[in-house]
Amino acid sequence: MNKKFLVFLLTLFLSLLIVGCGSKATIKLSQSEIKMYVGEMYDIYPVVTGVEGNDAVKYEAEDPTIVSLDDNIITALSVGETNVIASLKDYPEQKAILKVVVEEEPQIIVTGSNVYIGCETQFSAQVIGIEGTVEWSSDNETVATVDQNGVVTGKQLGGAAI
């Protein structure tokens, strides 16, 4: 009887050991948050363990008006924030979340007109999507100079980028 009990315990122990050693499927992302500009694309490359095959991962955007998904490729559609959820198809409780912040791409729009020798012309700059000040410069100061307020003075015939 003692021998049967030991055999039973050994069998139970080995059964638990075998069950406990099974691989658990997991999914992880290298980043928890990304910033994108409207129109930009980003590839998600999750680290998946315990599951075989390229089609093991399912992707979903919480707000499809902000980003679209084509398998693992995110495309930023409009300004805002949303989460992209990568989950394992066979283990939907295993998921990784990527916060996506979409912003408008910064722009500087410079307006001005032709500059004549010996004359001053006021240029202006509109800054969109970023904070800061405009620093004016001329790439050819022998042709035209510009002061800190955007006033361009023509010096001689030629071309200059302001």
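Residues numbered from 1 in each chain as written. Predicted model: local features only at pLDDT ≥ 70, side-chain atom pairs only at ≥ 80, totals over all residues. Heavy atoms only, no water.

### A closer look at the overall build of the protein
Phase 1 of the analysis: Counting secondary structure elements, the protein contains 1 helix and 14 strands.
Phase 2 of the analysis: Expressed as a percentage of its 162 residues, the buried residues of the protein come to 25%.
Phase 3 of the analysis: A fraction of 48% describes how many contacts in the protein between residues 6 or more apart in sequence connect residues 24 or more apart.
Phase 4 of the analysis: As displayed, the protein has an accessible area near 11400 Å², and 54% of this comes from carbon and sulfur atoms. (Helix = DSSP H or I, 4+ residues; strand = E, 2+ residues; numbered from the N terminus. Buried < 20%, exposed > 50% of the residue type's maximum accessible area, 1.4 Å probe, protein only. Contact = heavy atoms within 4.5 Å. Areas by Shrake-Rupley, 256 points an atom, 1.4 Å probe, with all protein chains shown as cover.)

### Structural notes on the pattern of salt bridges
Phase 1 of the analysis: In the structure shown here, the tally under the stated rule is 1 salt bridge.
Phase 2 of the analysis: The salt bridge involving E81 is made with K99; its shortest N-O contact spans 3.5 Å. Taken together, the residues span a long stretch of sequence, with E81 in strand β8 (residues 80–88) and K99 in strand β9 (residues 95–103) at a distance of 18 residues. (Salt bridge = Lys/Arg side-chain N within 4 Å of Asp/Glu carboxyl O.)

### Concerning the nonpolar core
Phase 1 of the analysis: V67, I74 and V100 are the most contacted members of the largest nonpolar core, which totals 21 residues.
Phase 2 of the analysis: Among the elements of the structure, β2 (33–37), β5 (57–61), β7 (73–76), β8 and β9 are those that each provide at least two residues to this core.
Phase 3 of the analysis: The leading source of residues in this core is β9, at 4 residues.
Phase 4 of the analysis: Other than its neighbours up to four places away in sequence, V67 contacts A61, I74, T75, A76, L77, T82, V84, V100 and V102.
Phase 5 of the analysis: Residues F123, A144, V146 and V152 belong to the second largest nonpolar core, which totals 6 residues. (Core = buried A, V, L, I, M, F, W, Y, C linked by side-chain atoms within 4.5 Å.)

It is worth stressing that arrangement in space is one thing and function is another; only the former is reported here.
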